[in-house]
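Chains, contacts and geometry: an overview
These are the residues of each chain, in order.
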Amino acid sequence: MRRQILGLLFSCLVCLNLSAIAQEKGGRPDQRWWQHAVFYEIYPRSFADSNNDGLGDIKGITSKLDYLHWLGVDAIWLTPMFPSPQVDFGYDVSDYENVDPHYGTLADMDQLIAEGKRRGIRVILDFVVNHTSDQHPWFIESRSSKTNPKRDWYIWRDGKSAGQPPNNWTSLFGGPAWRVDPATNQWYYHYFYPAQPDLNWRNPEVETAMFDVARWWYRRGVAGFRLDAVTNLFEDPELTDNPLVDHQTNAYGDPVQQPIHNLELPELHGVLQQLRKVSDEYDGVLIGETWTDTVDQLKRYYGEHGNELQLPIDFLFFAVGKISAPDFRKQIAVAESFEGQPVYVFSNHDEPRQYTKYGDGRHNDQIAKLLASLYLTLRGTPILYYGEEIGMENNDPKTKEDVQDPIGKLGWPKDKGRDGERTPMQWNAEVNAGFSQVKPWNPVDALYKQYNVEVERRDPNSILNYYRNLLSLRHTNPALLDGKYVALNEDDPNVLAYLRSYAGKRVLIVLNMSGSTQAVKLDLLSKGISAKSSKVLLASFKTPKRGNVNKIDLEPFGAYIAELE
Ligand code: GLC
């Protein structure tokens, strides 16, 4: 009880202090801090190496907080930095309440949180809720005997017959999702690598233990969690086989199946509601790694009464694989079709970088600015992946021997793994891009001399300065902070145009999603909007300060942001 009262008192102090920061930056005071915030994802291994061992670390991140403050981010999400055998680079956690010695100590984390707070930057941790490492003491106990009290913390079953797994479920990372354990001759379930056994969330002790982890970090001052693989928490207890998809095989040679019996089971929503209550005790935010096939599935993660995740990521945007005005327009309309804060992510540590995914090889820098102009001006919460702000590209391994990510080894060459999007942050044009004095764990991209923080800070036309100006605009312009989204020129095949409007302020965003120049005549009348001219707030190309709404000239892949007058 005393613990809870102290916790509440502490979280109120934190919340007063931080809501003051939120208001300094502008925006409707009744909005929660995360509704105006820009999140920045950091892969700790690759961000900054303070002790020159080739791996990034927590102190390295702390040393870059001034940069992040200058850039204008409000919260950083760290991918897992907990003790781990590093089979999946931290997503195999062996102790949830500590820091991996590769990355530092708990004292380093405390310092990062405190230094972040001084600059108005909150820290979000990656909570690996679906599975632990096979080296976690819970699993070591669980596997020791069928009668161990922790046996039921994981999912153990007899095989179908000798040498046969209990059912046909396959692992996302290749092969069967079951491994037989010689100690008891039973099989345990692992949706990811065999070194990542799934927790059994049907066991209330698991729930209690995991919620205690959340409280433990909240009390240390973190502002929330990104919930890893949150769609996977429950499996059909009958272990019904999944249906197969038309004799297809995936990059690992496994038959493709529809994972209807081991993903998205309705029971998981009960857990999310309980976790949300825990999180609310500390004014925390929950972000979900919510891969869904449809928007209806996505909606469920907000909770029927807004009582589950505040920020389930809209991965449907990932399906837009090319720069296309109609495709993005359609996807935005879907995100705008229901209540709930949309969450936009265009790249992350599992997916190719924007520069490579959307670049055409000729206009990549313009395209980088164009995409920034899209996801940082939409209504909702953007999560920006480290390095996107300087235009980092994917640097995939060149040979199978170079691959570090186990799925790249298994899937080569169809799937080269995820090393390419996890290369060291490029700080300057010096050795190893200023990331480390020694050879980094993953090679620095070849373009680092041109694309790095130091060089780009000096160039007013760089991608970095464009991001910074855009973030500053987003944090201070009332229409960008709180305005509703209004689609314009909805039949245009090349140009995506929309307004954000709030309290009489109307900000116009016009994005040329084609490789040719475009002259746009805005169709404002059909939306009942009148305006004489537009005053440019930011553009990715040279354009007069004031424009005519009947003819806006756009360069190839040009972005134009203006206030209607
Ligand atoms: C999530 C993470 C990914 C990890 C997997 C298993 O999808 O984003 O990097 O490999 O979960 O934890």
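All figures in this text were calculated on a predicted structure; none of them were measured in a lab.

Turning our attention to the nonpolar core. Judged by nonpolar contacts, the single largest core of 135 residues is most densely connected at Phe 39, Tyr 40, Tyr 67, Ile 76 and Met 109. The greatest single-element share of this core, amounting to eight residues, is contributed by helix α7 (residues 204-220). Summarising the domain contributions, this core has at least three residues from each of domain 1 (2-134 + 202-471) and domain 2 (479-564). By size, the runner-up hydrophobic cluster in this structure holds 19 residues, among which are Val 495, Ala 497, Leu 508 and Leu 524.

Close to the ligand lie 13 residues; Asp 88, Asp 228, Glu 289, His 349 and Asp 350 are nearest. A distance of 3.0 Å separates an oxygen atom of the ligand from a polar atom in the side chain of His 131. In the environment of the ligand, an oxygen atom lies 2.8 Å from a nitrogen or oxygen atom belonging to the side chain of Glu 289. Alone, the ligand offers 310 Å² of accessible surface; in the complex the protein occludes 96% of this. Looking at the shell around the ligand residue by residue, the class counts come to three nonpolar, three polar and seven charged.

Under the definition given, this model contains 41 aromatic pairs. Ring centres 6.0 Å apart and planes at 65° place the aromatic pair Phe 82 and Trp 217 in the edge-to-face group. Here Trp 217 lies in helix α7 and Phe 82 lies in the loop between β2 (75-78) and α5 (106-118), a separation of 135 residues in the sequence. Taking the relative accessible area as the measure of exposure, Trp 217 reaches 0% and is therefore buried. Considering the side-chain rings of Tyr 191 and Phe 192, the 4.9 Å spacing of their centres and the 85° angle between planes classify their relative orientation as edge-to-face. The pair formed by Tyr 191 and Phe 192 is uniform in burial state, with each residue classed as buried.

Turning to the side chain of Asp 492, a few remarks are in order. Within the secondary structure, Asp 492 is located in the loop between β14 (484-488) and β15 (495-502). When near neighbours in sequence (up to four residues on either side) are disregarded, Asp 492 contacts Ala 325, Pro 326 and Arg 329.

With 12 residues, helix α12 (residues 364-375) ought to run about 16 Å at 1.5 Å a step, and its terminal C-alpha atoms sit 17 Å apart, in line with that. Most of α12 is tucked away: 10 of the 12 residues are buried. Of all the positions in α12, only Asn 364, Ile 367, Ala 368, Lys 369, Leu 370, Leu 371, Ala 372, Ser 373, Leu 374 and Tyr 375 are classed as buried.

Our next topic: unusual backbone geometry. Put simply, Trp 412 and Pro 413 share a cis peptide bond, and its omega is -5°. Positive phi, close to 40°, is recorded for Asn 489, a residue that is not glycine. With respect to the element layout, Asn 489 can be found in the loop between β14 and β15.

Along its sequence, the chain is organised into domain 1 (2-134 + 202-471) and domain 2 (479-564). On a C-alpha basis, the centroid separation for the pair domain 1 and domain 2 is 30 Å. The interface is formed by 28 residues belonging to domain 1 together with 30 residues belonging to domain 2. Between domain 1 and domain 2, roughly 2,300 Å² of surface is buried when both sides are summed, and carbon and sulfur atoms account for 68% of that area. Contact with domain 2 buries area across many residues of domain 1, yet Arg 329, Leu 370 and Thr 377 alone supply 29% of it, more than any other trio. At the boundary of domain 1 and domain 2, one finds nine residue pairs in polar contact (both at pLDDT 80 or more). Residue assignment for the side of domain 1 that touches domain 2 shows that the elements contributing at least two residues are α10 (325-336), α12 and α15 (463-476). When the residues that make up the side of domain 1 that touches domain 2 are grouped by side-chain class, the tally is 11 nonpolar, 10 polar and seven charged.

The sheet built from eight strands is open, its strands ordered β11-β10-β7-β3-β2-β1-β13-β12 with parallel pairing. The sheet is open, and its two borders are formed by β11 (311-312) and β12 (343-345), each paired with just one other strand. Pairing of β2 with strand β3 (residues 122-128) involves four bridges; the strand directions are parallel. Considered in β3, the bridge of Trp 77 is made with Ile 124. The strands touched by α7 are β3, β7 (224-228) and β10 (285-288); relative to β3, the strand with the most contacts, the crossing angle is about 165°.

The buried count for β15 comes to seven of eight residues, which makes it a mostly enclosed element. The pairing of β14 with β15 spans five bridges and is antiparallel. Within the sheet, the bridge partner assigned to Lys 484 lies in β15 and is Ser 501. Connecting β14 to the antiparallel partner β15 that follows it, the hairpin turn spans six residues, and Asn 489 within it adopts a positive phi of roughly 40°. As defined by bridge partners, β15 adjoins strand β16 (residues 505-512) across eight bridges and the pair is classed as antiparallel. Residue pairing across strands places Arg 500 opposite Val 507, the latter belonging to β16. Hairpin connection, β15 to β16: the antiparallel pair is bridged by two residues, and Ala 503 has positive phi, about 45°.

This next bit is on the packing of α5 against α7. Relative to each other, α5 and α7 sit at 60°, their axes nearing to 10 Å. As summarised for this structure, α5 and α7 are arranged oblique, according to the angle between their axes. In this structure, α5 uses Leu 106, Met 109, Asp 110 and Ile 113 to contact α7, whose residues at the interface are Trp 216, Trp 217 and Arg 220. Of the residues in the contact of α5 with α7, the class split is five nonpolar, no polar and two charged.

Note that Gly 56 resides in the loop between β1 (39-42) and α3 (58-63). Those residues in contact with Gly 56, other than ones at most four positions away along the chain, are Pro 44, Arg 45, Ser 46, Ala 48, Asp 49, His 102, Tyr 103 and Phe 435.

Let's shift gears to the environment of Pro 255. Within the secondary structure, Pro 255 sits in strand β9 (residues 255-257). The exposure class assigned to Pro 255 is partly exposed, which follows from its relative accessible area of 37%. Those residues within four positions of Pro 255 in sequence are excluded, and the remaining contacts are Thr 170, Leu 244, Gln 248 and Thr 249.

Attention now moves to the pairing of strand β18 (residues 533-539). For β18 and strand β19 (residues 546-548), the ladder comprises three bridges, and the chain directions are antiparallel. Its bridge partner lying in β19, Lys 535 is registered against Arg 546. Connecting the antiparallel pair β18 and β19 is a turn made up of six residues. Judged from the five bridges that link them, β18 and strand β21 (residues 559-564) form a sheet pairing that is antiparallel. For Leu 538, the partnering residue across the bridge sits in β21 and is Ile 561.

Criteria and cut-off values
Residues numbered from 1 in each chain as written. Predicted model: local features only at pLDDT ≥ 70, side-chain atom pairs only at ≥ 80, totals over all residues. Heavy atoms only, no water. Core = buried A, V, L, I, M, F, W, Y, C linked by side-chain atoms within 4.5 Å. Buried < 20%, exposed > 50% of the residue type's maximum accessible area, 1.4 Å probe, protein only. Helix = DSSP H or I, 4+ residues; strand = E, 2+ residues; numbered from the N terminus. Domains from an automatic or database assignment. Near = heavy atom within 4 Å. Polar contact = N/O pair within 3.5 Å; in protein donor to acceptor, adjacent residues only side chain to side chain. Areas by Shrake-Rupley, 256 points an atom, 1.4 Å probe, with all protein chains shown as cover. Nonpolar A, V, L, I, M, F, W, Y, C, P; charged D, E, K, R; others polar. Phe/Tyr/Trp six-rings, centres within 6.5 Å; stacked < 30°, edge-to-face > 60°. Contact = heavy atoms within 4.5 Å. Expected span 1.5 Å × (residues − 1). Buried area = accessible area lost by both parts, 1.4 Å probe. Pairing = 2+ DSSP bridges. Axes fitted to C-alpha atoms, helices over the stretch in contact; angles between N-to-C directions. Parallel < 35°, antiparallel > 145°, perpendicular 65-115°, else oblique.

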